[in-house]
Amino acid sequence: RHRSGGRVVSMKITHDLLPSWFLCLLGLMPGMAFAQADGAPKHSPEFQVLDRYIGSWDIKNTFKPVGGEEVVFNIVSRKSWSLGGSFLRGQDTNLSIPEAKEFHLLWTYDSVAKNYPAVLMDGPHSKRLIGTWDEKTKTMHWKGKMGNGVTGEGHHRFIGKDRAEASGVFSIACKYMSTR
């Protein structure tokens, strides 16, 4: 007899980011969108890492559940500076599922821990991530606890000023007991 207090599900997520052409037509290239309109001083090298994310991005997000069918979502992600440039604020909207809730992000640099903590929110749920930046490869590596026993780990690598790729694996903790 086997009793399971949970289930194991792993998922790989990949997505490519492209800048929104609408904003390009307005002259707001992602690298320029953080212009000092609010009078914020130039960012430190650590915060300049987050400058790379600023702007409007078109995301093609491909979910590949283990043993399941691949699902593709189209998402628009808008990121800007908040609180005088001390937090990156993001809002993602899933265009593939209109009834899906928006996804919000707050991200900063922690000068004591020397990492990039983030909080992700989608309604009543929140998730915490910790990122570390590799300047040589232009890659943010992250790990986090998503709640309900779900953990995640992945990376986000910039492969040009207006293009990036990311992948991650999410797992659900499982309790398993076997008796005879």
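Residues numbered from 1 in each chain as written. Predicted model: local features only at pLDDT ≥ 70, side-chain atom pairs only at ≥ 80, totals over all residues. Heavy atoms only, no water.

Brief notes about the pattern of salt bridges
Working definition: two side chains of opposite charge can pair if their charged atoms are close together. For the structure on display, the rule yields 4 salt bridges. Here Glu135 ties to Lys138 by a salt bridge, and the two come within 2.4 Å at their closest N and O atoms. When its relative accessible area of 40% is taken as the criterion, Glu135 is described as partly exposed. Residue Glu165 pairs with Arg157 through a salt bridge whose shortest N-O separation is 2.3 Å. Using a relative accessible area of 30% as the deciding quantity, one classes Arg157 as partly exposed. In the salt-bridge network here, residues are joined through shared partners; they are Arg52, Glu135 and Lys138. (Salt bridge = Lys/Arg side-chain N within 4 Å of Asp/Glu carboxyl O. Buried < 20%, exposed > 50% of the residue type's maximum accessible area, 1.4 Å probe, protein only.)

Here's the deal with the confidence of the model for the protein
When pLDDT is averaged along the protein, the result is 75; 73% of the residues meet or exceed 70. Within the protein, helix H2 (residues 45-51) carries the highest mean pLDDT (93), whereas helix H1 (residues 21-25) carries the lowest (26). The model gives residues 1-40 a pLDDT under 50, and that stretch makes 105 contacts with residues more than four places away or in other chains. (pLDDT = per-residue confidence, 0-100. Helix = DSSP H or I, 4+ residues; strand = E, 2+ residues; numbered from the N terminus. Contact = heavy atoms within 4.5 Å.)

Notes on the pairing of strand E11 (residues 164-172)
Residues in a regular strand project their side chains so that they alternate between the two faces of the sheet. Note: strand E10 (residues 150-158) against E11, 9 bridges, orientation antiparallel. Bridged to Gly152 within E11 is Phe170. Counting the residues that bridge the hairpin from E10 to E11 gives 5 residues, and of these Gly160 lies at a positive phi of roughly 160°. (Pairing = 2+ DSSP bridges.)

Some details on the environment of Lys42
Relative to the helices and strands, Lys42 resides in the loop between H1 and H2. Given a relative accessible area of 70%, Lys42 falls into the exposed group. As a C-alpha pair, Lys42 and Gly85 span 43 residues in sequence and 9.0 Å in three-dimensional space.

Focus: the nonpolar core
Grouped together as the largest cluster of nonpolar side chains are 23 residues, with contacts concentrated most on Leu50, Tyr53, Leu88, Trp107, Tyr116 and Met140. Elements that contribute at least two residues to this core include exactly H2, strand E6 (103-107), strand E7 (116-122), strand E8 (125-134), strand E9 (139-147), E10 and E11. Aside from chain neighbours lying at most four places away, what touches Tyr53 is Lys79, Leu88, Trp107, Met140, His156 and Phe158. (Core = buried A, V, L, I, M, F, W, Y, C linked by side-chain atoms within 4.5 Å.)

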